[in-house]
Amino acid sequence: SQQGEEDPQALSIQEGENATMNCSYKTSINNLQWYRQNSGRGLVHLILIRSNEREKHSGRLRVTLDTSKKSSSLLITASRAADTASYFCATDVDSGYALNFGKGTSLLVTP
Amino acid sequence: DTGVSQNPRHKITKRGQNVTFRCDPISEHNRLYWYRQTLGQGPEFLTYFQNEAQLEKSRLLSDRFSAERPKGSFSTLEIQRTEQGDSAMYLCASSFPTGEQYFGPGTRLTVT
């Protein structure tokens with residue numbers, strides 16, 4: 001079963017705007033990871049945040065983690081058309097074991 | 001390129017046939033994972049290996065599915081007596097024990 005739940009399911013914005021996606025999960029985790037998937041292709045790892053971290057940055061990406069609320073958010077700043085993709089959060093429950101993915105947020109960035 | 005590779009990229013088969021997919025992980029990684037992804041869903045875990053040992057299998061992995069990782073390098077996933085419900089993208093990933101997982105491009109299986 002899928003533990004993560006992304007919100008919204010779909011998001012449409014214009015280039016230059018920021019995009020925020022949220023993820024909620026159910027059980028305690030070791031870490032939470034965000035992945036991007038372009039249409040019909042494999043997943044690309046974006047960022048990993050450990051359970052003892054609250055915020056992490058990577059380029060135009062900012063991830064927050066609130067373990068008390070069992071939620072995470074991914075912010076993409078100054079979005080580009082190339083950011084159009086599906087974004088998945090995945091929780092690592094058993095430290096390097098299986099990842100539990102959500103259903104993803106489909107992001108469309110229009111020029 | 002030292003990423004995860006999967007072959008074939010696409011496979012069309014008739015119901016009842018057997019199919020086998022191959023995954024070549026990043027060479028330094030000792031963990032290898034198989035996932036299945038259907039349209040509109042996130043990947044679902046099937047099984048994983050640490051070196052050559054298969055350590056966990058999901059309930060999704062029926063007895064028609066078998067995975068191997070001889071010598072702890074490449075892995076194969078075989079589906080026997082395929083059913084239309086097996087149509088999906090099969091993804092392979094590899095990692096160090098506590099690191100992020102790197103995914104291959106996947107094998108898209110269509111069962112007609």
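So, how was this worked out
- Residues numbered from 1 in each chain as written.
- Chains lettered and ligands numbered in written order.
- Predicted model: local features only at pLDDT ≥ 70, side-chain atom pairs only at ≥ 80, totals over all residues.
- Heavy atoms only, no water.
- Contact = heavy atoms within 4.5 Å.
- Buried area = accessible area lost by both parts, 1.4 Å probe.
- Salt bridge = Lys/Arg side-chain N within 4 Å of Asp/Glu carboxyl O.
- Polar contact = N/O pair within 3.5 Å; in protein donor to acceptor, adjacent residues only side chain to side chain.
- Helix = DSSP H or I, 4+ residues; strand = E, 2+ residues; numbered from the N terminus.
- Nonpolar A, V, L, I, M, F, W, Y, C, P; charged D, E, K, R; others polar.
- Disulfide = S-S within 2.5 Å.
- Buried < 20%, exposed > 50% of the residue type's maximum accessible area, 1.4 Å probe, protein only.
- Core = buried A, V, L, I, M, F, W, Y, C linked by side-chain atoms within 4.5 Å.

### What to know about the interface of chain B and chain A
Of the residues lining the interface, 23 residues belong to chain B; the matching set on chain A comes to 20 residues. Buried surface at the junction of chain B and chain A, both sides included, amounts to about 1600 Å², of which 51% is carbon and sulfur. Contact with chain A buries area across many residues of chain B, yet P43(B), E100(B) and F103(B) alone supply 25% of it, more than any other trio. Across the chain B-chain A interface, the total number found is zero salt bridges. In this assembly, chain B and chain A are joined by three residue pairs in polar contact (both at pLDDT 80 or more). Contributing elements (two or more residues each) for the side of chain B that touches chain A: β4 (31-37), β5 (44-50) and β9 (88-95) of chain B. Here the element with the most residues in the side of chain B that touches chain A is β4(B); it accounts for four residues. Across the side of chain B that touches chain A, the residue classes tally to 10 nonpolar, eight polar and five charged.

### Comments concerning the state of the cysteines
Overall, the coordinates contain two disulfides over all chains when judged by the stated rule. Across the disulfide from C23(A) sits C89(A); the S-S distance is 2.0 Å. Disulfide C23(A)-C89(A): torsion about the S-S bond near 65°, hence right-handed. Residue C23(A) is located in strand β3 (residues 19-24), and its partner C89(A) is located in strand β9 (residues 85-92); the two are separated by 66 residues in the primary sequence. The pair formed by C23(A) and C89(A) is uniform in burial state, with each residue classed as buried. Across the disulfide from C23(B) sits C92(B); the S-S distance is 1.8 Å. The chirality of the disulfide connecting C23(B) with C92(B) is left-handed, given an S-S dihedral of about -65°. Note that C23(B) is positioned in strand β3 (residues 19-24) and C92(B) in strand β9, a separation of 69 residues in sequence. We note that C23(B), like C92(B), is buried.

### Thoughts on the nonpolar core
Within soluble globular proteins, side chains that are nonpolar tend to cluster in buried spots. Membership of the largest hydrophobic core comes to 21 residues, with the highest contact counts inside it found for M21(A), L32(A), W34(A), L74(A), I76(A), Y87(A) and L107(A). Elements with a contribution of two residues or more to this core: β3, β4 (31-37), β5 (43-50), β7 (61-66), β8 (71-76), β9 and β11 (105-110) of chain A. Setting aside residues no more than four positions away along its own chain, I76(A) makes contact with E17(A), N18(A), A19(A), M21(A), R60(A), L61(A), D83(A), Y87(A) and L107(A). Judged by nonpolar contacts, the second largest core, of 19 residues, contains F21(B), F49(B), L61(B) and C92(B).

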